[in-house]
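Analysis of the macromolecular model
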Amino acid sequence: MSEHHDCRKFFERLSELLDDEIDQATGDRIKAHVESCPECRACWATFKKTVEIYHAWGPDPVPQGFWDRLKKTVRDHQDETAEDAR
Amino acid sequence: MDKNACELPLKDPSLQEPADRDILDRFFKGDQEAVGDLADRYAARLYNFGLRMCGNSEDAQDMVQDTLVNVIRYLKGFRGETKLKNWLYRLASSACIKRRRRKNRPERELSLEELRPERGDGPPPDIPDWSQNPVDELINDQLRNRLAEAITRLPHKYRLVFTLRDLEGFSTAEVAELLELTTQSVKTRLHRARAFLRNDLAQYYQEHREDSGGES
C-alpha cells in the first residue's frame, strides 16, 4: 500500500481520531503514520488546532432589546394559547 | 390549579437536567412563569446558534422568536423522550432549515478530495506556527470575525452539524437524533466541515504571514 494511499485513508479518519470515535488498532496505525509522514503531521496539527480554536471561540452577547422582545413574545403567545383554550 | 395545566408525567424525569426538570414540573402544574424561565435559561444560547447558522443578528433573533413560539405551542405535548435542551435545539434547527428552504439556494456538496491539503513537489512542510500556539494567544477580534465569516461560507447542511457538534457541544448520537440522520452522516458532514474550516484558517494565517513580511 503506497504512502500516498495511507495519507488519503488517514485524512478521511481525522475527525474520528480527534473525537476518540475510532477503534484502538486503527487509531494506533494512523498515529504511527503521522509520526512518519511530514505532510500528515502538519495536517493533523492544523486540523486539531482548528477544532480547538472553534471550541474556544465563545458566544457573542445578545443585542440590546433582545430580552424585551422575548418577554413580549412569551406574553403575547401565552395569552393567545389561553384564549384558544377558552 | 390553572385549567390549562397538563398533568402528564415525563417518561423518564431523570433524563432531564435538574433545572429543566424543575421548569417542566412547574409548567405541567400550570405555572405561567415556567416558559419565561425556560426562555431565560436558553435564549442566549439559541441566539448564538442562530447567529452561526444565519450569519446575521436580525435573522438569529427572528429564529429565536420562531422557536419560542413553537415551544409555547408544543411544550404541553413534550413527554421527555429526550432531554429538554435537545428538544429545543430540534425546534431551533427546524426553524433554521425552514428559513434556508425559503431562500431556495442550491446547496453545494463538499468533496473530501477537494478539501485534502495539496501535496507540493517541494520539501515537506514544517508544522505551521499557528498550530503550535496556545489558543488564548490566537483568539482576537480579527480572528473572531474570520471564524464567523468562514462559517457562513460553509454549505448549510455541514454548518448545521458543525455548529451543533463543535459549537453547541452535542454528541454525535445527539446530533443524529436531532437532525434525524445516521451517525455516519453526522460524522461525514462534521469532518468535511472541519476540513473546510481548517483550510480557511490555514489561508488566513498565510495571509497574515504575507502581510507581516513573512513573520508568523
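One structure accompanies this document, and this report is about it.

Here is what the cut-offs are and how they apply
Residues numbered from 1 in each chain as written. Chains lettered and ligands numbered in written order. Predicted model: local features only at pLDDT ≥ 70, side-chain atom pairs only at ≥ 80, totals over all residues. Heavy atoms only, no water. Contact = heavy atoms within 4.5 Å. Buried area = accessible area lost by both parts, 1.4 Å probe. Salt bridge = Lys/Arg side-chain N within 4 Å of Asp/Glu carboxyl O. Polar contact = N/O pair within 3.5 Å; in protein donor to acceptor, adjacent residues only side chain to side chain. Helix = DSSP H or I, 4+ residues; strand = E, 2+ residues; numbered from the N terminus. Phe/Tyr/Trp six-rings, centres within 6.5 Å; stacked < 30°, edge-to-face > 60°. Buried < 20%, exposed > 50% of the residue type's maximum accessible area, 1.4 Å probe, protein only.

So, on to the interface of chain A and chain B. Between chain A and chain B, the contact holds 48 residues from the first and 61 residues from the second. Summed over both partners, the interface of chain A with chain B buries about 4800 Å², with 64% contributed by carbon and sulfur atoms. Broken down residue by residue, the surface that chain A buries against chain B is led by Phe11(A), Tyr54(A) and Trp57(A), which jointly contribute 17%. Here Lys187(B) and Glu16(A) are joined by a salt bridge, their closest N and O atoms 3.9 Å apart. Across the chain A-chain B interface, the total number found is 17 residue pairs in polar contact (both at pLDDT 80 or more). The set of elements that each furnish at least two residues to the side of chain A that touches chain B consists of helix 1 (3–12), helix 2 (14–18), helix 4 (38–56) and helix 5 (66–85) of chain A. Looking at which element gives the most residues to the side of chain A that touches chain B, the answer is helix 4 of chain A, with 16 residues.

What follows covers the packing of aromatic side chains. Residue and element names in this part refer to chain B. Applying the stated rule across the entire model yields 10 aromatic pairs over all chains. An angle of 75° between the planes, with centres 5.4 Å apart, marks the rings of Phe 27 and Phe 28 as edge-to-face. Phe 28 carries the same exposure label as Phe 27, and that label is buried. Between Tyr 89 and Phe 170 the ring centres are 4.9 Å apart and the planes differ by 70°, which places this aromatic pair in the edge-to-face class.

What follows deals with the environment of Asp23(A). Residues and elements named next belong to chain A. Here Asp 23 is to be found in the loop between helix 2 and helix 3 (24–36). For Asp 23, a relative accessible area of 40% corresponds to the partly exposed category. Among the polar contacts made by the side chain of Asp 23, one reaches the side chain of Thr 26 at a distance of 2.8 Å.

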